[in-house]
Structures are given as C-alpha cells and as structure tokens.
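# Commentary on secondary and tertiary structure
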Amino acid sequence: MSPQSEETTMTSQHIHPAAVIVLAAGAGTRMKSRTPKILHTLGGRSMVGHALAAARGIAPRELAVVVRHERELVAGHVAAIEPEAVLVDQDEIPGTGRAVQVALHALDATRGTIEGTVVVTYGDVPLLETSTLRSLVEAHTQAGNAVTVLTAELDDATGYGRIVRAGDGTVLGIVEHKDADEGQRAIREVNSGIYAFDAAVLRSALGRIDASNAQGELYLTDVLGIARADGGRVAGLLVQDRWQVEGANDRVQLAHLGAELNRRILERWMRAGVSIIDPGTTWIDASVELDEDVTVLPGTQLHGTTVIAREAVVGPDTTLTDVVVGEGAHVVRTHGSGARIGAGASVGPFTYLRPGTVLGEDGKIGAFYETKNVTIGRGSKLSHLGYAGDAEIGEYTNIGCGNITANYDGVNKHRTVIGSHVRTSSNTVFVAPVSVGDGAYTGAGAVIRKDIPAGSLGLSVAPQRTIDGWTAAKRPGTASAEAAAASTPKTPPAHLPEPQESGQS
C-alpha cells in the first residue's frame, strides 16, 4: 500500500482520513449581516472555527476549505486559525457537488492524487464533535463502503434531504426536500450533509453528476446513487445526538446552538469538579480552562484564553477575557481583560482590569479601581477609588484611597515606579515620570512631581485660607446661608450693660 493510501499510523489506534473538505462558500443571507455567516461566533469561536477544530481532531493528512462569499474575510480568518489548510475558491457553478469537485481537484493538483477516505463536512455545524467524525471514518473504512453518510432523525424534517434506505438497511439515495414526493417527505431520517467517501469513487462520480433538479445545482447527494449503481456499498451512520448536525442559518438558530453549546461546556466542567452555582447565568467559552474546586458564582462570563486555578472564586457579575487567575484568588464584580491575578489575591468589587495588569500573590485591587499596564508586587494593596496605569509597584506597598498615576501628558505615556513597603496617603497624584523609593511615605493630597528617595516623606502642602462669612455674603438667601446663620452663636449687643450678680446693691 502506498503512503498516500495508508490510513493507519503506528502512533495511533485510530484511522485517519486522507483528507477533510470543509464547505464554507455559502452567502448565509438569512443571517442578515455584513459578517459572513460562518464567522459568527458561539462559545468564543466562529462557527467555521468549531468545524475546523472537529476536523483537525481526526488528524487528516490534508485539510481543505472551500470559500466564495466574502472570500477575503473568510480566507483570512481560516488562515489565522488553520494556516496549513488549503484554501479553495468555488467558481460560478453552484452546488455542493461542484464545491467538493473543485476542492478535490485542488488537492490532487497540489498534494498529488488523493487516495483513501475523504470526509466532507460544513462550516456551519459548530456542535459537531471529533469523536463523531472519527466514528464515521472508522465505520466507513471497516465496512469497506464506497460512501457513508452521517444521518439524524428529526421530529420535523422540513427542508432536509431525506435518507431513502433499501430493505437491507443500506442507503439507496438522498432526496432533497424540494424534489421529494409526499411519501419521501414523511421520512424522518435526514441527511446531515457530512460524508465519508472513497476518494476514487468520489472523483469518478463527481464527473458524472448534472444539474437536472429543482435548484439547477450540482448536488453532492447525487454521488450516492452513482456509487450504488457502480456496485459500491452506500451506508448511513445514525447519530443519536441531533445537535451535532444542526446548522445555523439565522440568528435565532445561532442563539439556540450557542445556548446548547454553553450547557454542554458547563456540564463538562461541573463533572470535572468545578462548582457553577447558577448555570442559567453563567457563560464559558470553549477555550477556557478551569481547575478542580474552582467556584463560579452567578452572572459570570469567562472568555478567550482565561485560566482559573484551583480553589479560586470568580463572581458574581464578573466578565474575564484572556485573564489568568491564581490558586485561591477571589475576583468579584470585575471586568477584566489581558490580566494576571496571583495566587491568594483579591480583586473587586467594581474593578476594571485592563490589559497588562499583573497582580502579585496575596495582593489586592479593591473597589472602584482601574488598572492598565501595571505590575503590582506580592502583598501590595490598592484598596479603593483610584487609577494605576503604566506603573510598577513593589511588594507590600499600600496605595491610599483616591491615588492616581497621571501617566499621560497629552502626547506620550510615562511610567511611575513605586518601591516596596511604601505608604501613600489619600488623594496622592503621581505625575509621571516619577519614582518613589522603598519605605517612603506621602502626605494626604500630595502631588508628587519629583522623585522621593527611599525612606522619605513626600508633601505638597499649601496654607489653608478661611474666609469668615463668605456664604452669607456670596450666597445670600440659599439653604446654605440659612443653615450657617442658624448655627452661628448669638452674642449680646455691645451697648447693653453687663448683667450684675444677684445680691449686689
């Protein structure tokens, strides 16, 4: 057997196909969007991203994606997530049969004649799992089928191609809904559009299909009848989980698929030892990683490459994107992206972590705080009401209430460096670039424009002025003036005689 046709490897017990072709050329007009249908996302990935992940999971020797509508957008997205995939342009001839034909021609031309099993799937079936594709390939190969089609049974099969079976259970063919008669429309078993073909059978049959149907298209389904007429065995593999072959043609279907995908993701994590208190208000992307004994509280969304370590508690009402949370940390009512939170640290409530925030072990970023591009050392605390940007803060430093780093001069950003064991008083402003040495202090309301050496106190004190009677003079008739008058002590008039003591003559 030649290397091209060999479908098993010494390193795996699974059977690997020669190629997977993902059809992603459709316009998806019912989505009513400037974004191509297959680029709409659920679970943190585009629909085609989910499809490609499932396809890559069965380790095909070649992976091709057929594109047409919004070609540049789709091709750029595919190249970013699957750079080794072969991009194939569908021409003006419509139909799934033509799409597969141009893909097979492209693979034959660039990779040499494809021999073995070719899997065809779609870019809009985001819940399809690698394990299902693997079962399809193994059933197809072990039975020596010419074609194996993945099928599902639906209560309402309207719009789907019907599977017509022979008495022995093999597949006679697939009849599209618009071409089906009343008897065929009563069939509940439908075509998923996902197939395993023998490459030689596929190549031969594609050269013989025509567009004599209601849609005037080259149907890939016609390959089954040709293969059977040529003496090949055509079989169907019924998948019990219908969600895996559900596509999304509009935003309603996309939302339903997204909710089902999220339900599955949450269930998988709960079975792996994660406590999700309210699954109904919790959304977790497929790419997120959670350790055992993590607790996710209600109203939490975890996106992108977020990683939560053991015994951390996240939520409630928290959204994290590409954030790493250390072991035992607590993150409450926080919106964060591109940040790292150390073990045992605490964040929130009402905290905004912008990219580049690094909080050390046992550190704290408290209520109503915003951070950006800042490194905060072990045990340091930024407890409330402040902003820290473009800064470095050492270990065990306490930043007082209302502190900010004034890092922008209108043209450029500048950096603030604050050492370890520093104590800054309320409402301190650090006008960058500026540095504060280890063990230094600042006074309340200080505006720090010059470096503070280690162990020193930074002050900017102006004498306080008090203008007596200002409210009565400048705001007469106001509630403030009346309150001031009511609280002002009454003094006796200067012309009255002083009262005499009792008993004096």
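See the structure above.
Described below are features of the structure shown in this document.

Counting 68 residues, the largest nonpolar core has I21, V66, Y195, F197, L202, L220 and L224 as its most contacted members. When near neighbours in sequence (up to four residues on either side) are disregarded, V66 contacts I21, V22, L23, A24, A25, V88, Q90, A99, V102 and A103. In terms of nonpolar packing, the next biggest core, distinct from the first, is built from 51 residues, M47, L290, V296 and A391 among them.

Right, let's talk about the side chain of E82 for a bit. Its location among the elements puts E82 in the loop between α2 (71-81) and β7 (86-89). For E82, a relative accessible area of 12% corresponds to the buried category. Within the structure, the side chain of E82 is placed 3.0 Å from the side chain of R56, a separation counted as a polar contact.

Two numbers describe how helix α6 (residues 199-206) lies on helix α7 (residues 222-229): the axes approach to 9 Å, and their chain directions differ by 110 degrees. With respect to α7, the axis of α6 lies roughly perpendicular. Between α6 and α7, the contacting residues are V201, L202, A205 and L206 on the first element and V223, I226 and A227 on the second. Among the residues making up the contact of α6 with α7, the classes are represented as seven nonpolar, no polar and no charged.

Time to look at a nonpolar patch on the surface. There is a patch of nonpolar side chains on the surface, built from Y441, L457, L459 and V461 and spanning about 450 Å² of accessible area. When you line up the elements, Y441 lands in strand β37 (residues 441-442). Its relative accessible area of 46% is what places Y441 among the partly exposed residues.

This part covers the pairing of strand β12 (residues 189-198). In terms of residue burial, β12 counts as a mostly covered element, since nine of its 10 residues are buried. Bridge count for strand β8 (residues 117-122) against β12 is four bridges, and the pairing is antiparallel. Paired with T117 across the strands is D198, a residue of β12.

Attention now moves to the pattern of salt bridges. Working definition: two side chains of opposite charge can pair if their charged atoms are close together. Scanning all chains against the criterion turns up 24 salt bridges. With its nearest N and O atoms 2.7 Å apart, the salt bridge here joins R71 to D89. Of this pair, R71 sits in helix α2 while D89 sits in strand β7, placing them 18 residues apart in sequence. Look at R71 and you get partly exposed, because its relative accessible area is 28%. Salt-bridge contacts for R264 lead to D241; the nearest nitrogen and oxygen are separated by 2.7 Å. Of this pair, R264 sits in helix α8 (residues 251-271) while D241 sits in the loop between β13 (234-238) and α8, and the two are 23 residues apart along the sequence. Its relative accessible area of 22% is what places D241 among the partly exposed residues. Taken together, the shared-partner salt bridges in this structure form one network comprising E129, D241, E260, R263, R264, E267 and R271.

Throughout the structure, instances matching the rule amount to two aromatic pairs. Measuring from ring centre to ring centre gives 5.2 Å for F350 and F368, while their planes differ by 20 degrees; the resulting arrangement is stacked. Of this pair, F350 sits in the loop between β26 (346-347) and β27 (351-353) while F368 is found in strand β29 (residues 364-376), placing the two residues 18 residues apart along the sequence. Its relative accessible area of 45% is what places F350 among the partly exposed residues. The ring of Y408 has K413 lying over it, and the distance from NZ or CZ to the ring centre is 5.7 Å.

Moving on, we come to α7. All buried positions along α7 are accounted for by V223, L224, I226 and A227. Along the axis of α7, the buried residues cluster in a sector spanning 165 degrees; they form a single face. At its buried positions, α7 is contacted by β9 (147-153), β11 (171-175), β12, α6 and β13. Within two residues after α7, G231 carries a phi angle of roughly 95 degrees, on the positive side.

On to the environment of G225. Considering the arrangement of structural elements, one finds G225 in helix α7. When its relative accessible area of 32% is taken as the criterion, G225 is described as partly exposed. Residues G225 and A54, 171 residues apart in the sequence, show an inter-C-alpha distance of 28 Å.

What follows deals with the pairing of strand β24 (residues 334-337). What you see with β24 is a clean split: T334 and G336 sit on the buried side and H335 and S337 on the side with no burial. As defined by bridge partners, strand β21 (residues 319-321) adjoins β24 across three bridges and the pair is classed as parallel. Of the residues in β24, the one forming a bridge with T321 is S337. Where β24 lies against β27, three bridges are found, and the strand directions are parallel.

As a further point, take unusual backbone geometry. The residue after G315, namely P316, is reached through a cis peptide bond having omega 0 degrees. Of note, P316 is situated in the loop between β20 (313-314) and β21. The amide bond that connects A432 to the next residue, P433, takes the cis arrangement and shows omega of 0 degrees. With respect to the element layout, P433 can be found in the loop between β35 (429-431) and β36 (434-436). If you check the backbone angles, K32 has positive phi at about 50 degrees while not being a glycine. By secondary structure assignment, the location of K32 is in the loop between β3 (19-24) and β4 (41-42).

In this fold, I399 is placed in strand β31 (residues 398-399). Excluding anything up to four places from it in sequence, I399 contacts Y369, K381, L382, S383, I393, I418 and T424.

As a further point, take the layout of surface pockets. Here the largest pocket defines a volume of roughly 1600 Å³. R30, T96, Y122, D124 and N249 are the residues nearest the centre of the largest pocket, which is lined by 44 residues in total. For the lining of the largest pocket, the secondary-structure elements that each account for two or more residues are β3, α3 (96-111) and β12. Top element by residues in the lining of the largest pocket is β12. It accounts for four residues. Residue composition of the lining of the largest pocket, by class: 15 nonpolar, 19 polar and 10 charged. Elements with a contribution of two residues or more to the lining of the second largest pocket: α1 (47-57) and α8. For the lining of the second largest pocket, the element with the most residues is α8, which contributes six residues. Taken together, the residues of the lining of the second largest pocket sort by class into eight nonpolar, two polar and six charged.

Cut-off values and rules
- Along each chain, residue indices are assigned from 1 in the same order as the chain's sequence is written.
- pLDDT decides what is reported in this predicted model: residues at 70 or higher carry local features, side-chain atom pairs at 80 or more are listed and counted, and totals for whole chains, interfaces and linings draw on all residues regardless.
- Note that the side-chain values use all heavy atoms of the structure and ignore hydrogens as well as water.
- We define the nonpolar core as a collection of buried residues of types Ala, Val, Leu, Ile, Met, Phe, Trp, Tyr and Cys that are connected through side-chain atoms lying within 4.5 Å of one another.
- Here the term buried applies to any residue with accessible area under 20% of the maximum for its type, exposed to any over 50%, and partly exposed to those in between, with areas from a 1.4 Å probe on protein chains only.
- Contacts are residue-level and defined by heavy atoms, with any inter-residue pair within 4.5 Å sufficient.
- Going along the chain from the N terminus, every DSSP run of H or I of four or more residues is numbered as a helix, and every run of E of two or more is numbered as a strand.
- Polar contact criterion, stated in full: a pair of N or O atoms within 3.5 Å, where within protein one must be able to donate a hydrogen and the other to accept it, and residues adjacent in sequence count only if both atoms are side-chain atoms.
- Geometry is summarised by axes, namely lines fitted to C-alpha atoms with helices restricted to the contacting stretch, and by angles between N-to-C directions that run from 0 to 180 degrees.
- Angle categories are assigned with fixed cut-offs, so that under 35 degrees is roughly parallel, over 145 is roughly antiparallel, 65 to 115 is roughly perpendicular, and the rest are oblique.
- As a working rule, the residues Ala, Val, Leu, Ile, Met, Phe, Trp, Tyr, Cys and Pro are called nonpolar, Asp, Glu, Lys and Arg charged, and the rest polar, with Gly in that last group.
- Residues forming no salt bridge and having over 30% relative accessible area are the ones grouped into patches, like charges within 9 Å of each other and nonpolar side chains (Val, Leu, Ile, Met, Phe, Trp, Tyr) within 5 Å.
- Note that accessible areas follow from Shrake-Rupley with a 1.4 Å probe, and for residues the cover is restricted to the protein chains shown.
- Salt bridge criterion: a side-chain nitrogen from Lys or Arg within 4 Å of a carboxyl oxygen from Asp or Glu.
- Strands are treated as partners if at least two bridges between them are detected by DSSP.
- Two rings belonging to Phe, Tyr or Trp (six-membered ring only in the last case) form a pair when the distance between their centres is within 6.5 Å. Interplanar angles under 30 degrees mark stacking, angles over 60 mark edge-to-face geometry, and anything in between is tilted.
- Working rule: Lys NZ or Arg CZ, within 6 Å of ring centre, within 35 degrees of ring normal, means a charge sits over the ring.
- Arc, as used here, means the arc of the directions from the helix axis to the C-beta atoms.
- As defined here, a cavity is a set of points on a 1 Å grid over the protein atoms alone where a 1.4 Å probe fits but cannot get out. A pocket is an open set with protein on both sides within 12 Å along at least five of seven lines, and residues line them when an atom is within 4 Å of a point.
- Grid points are joined across faces, edges and corners, and a volume is the space filled by probe spheres set on the points.

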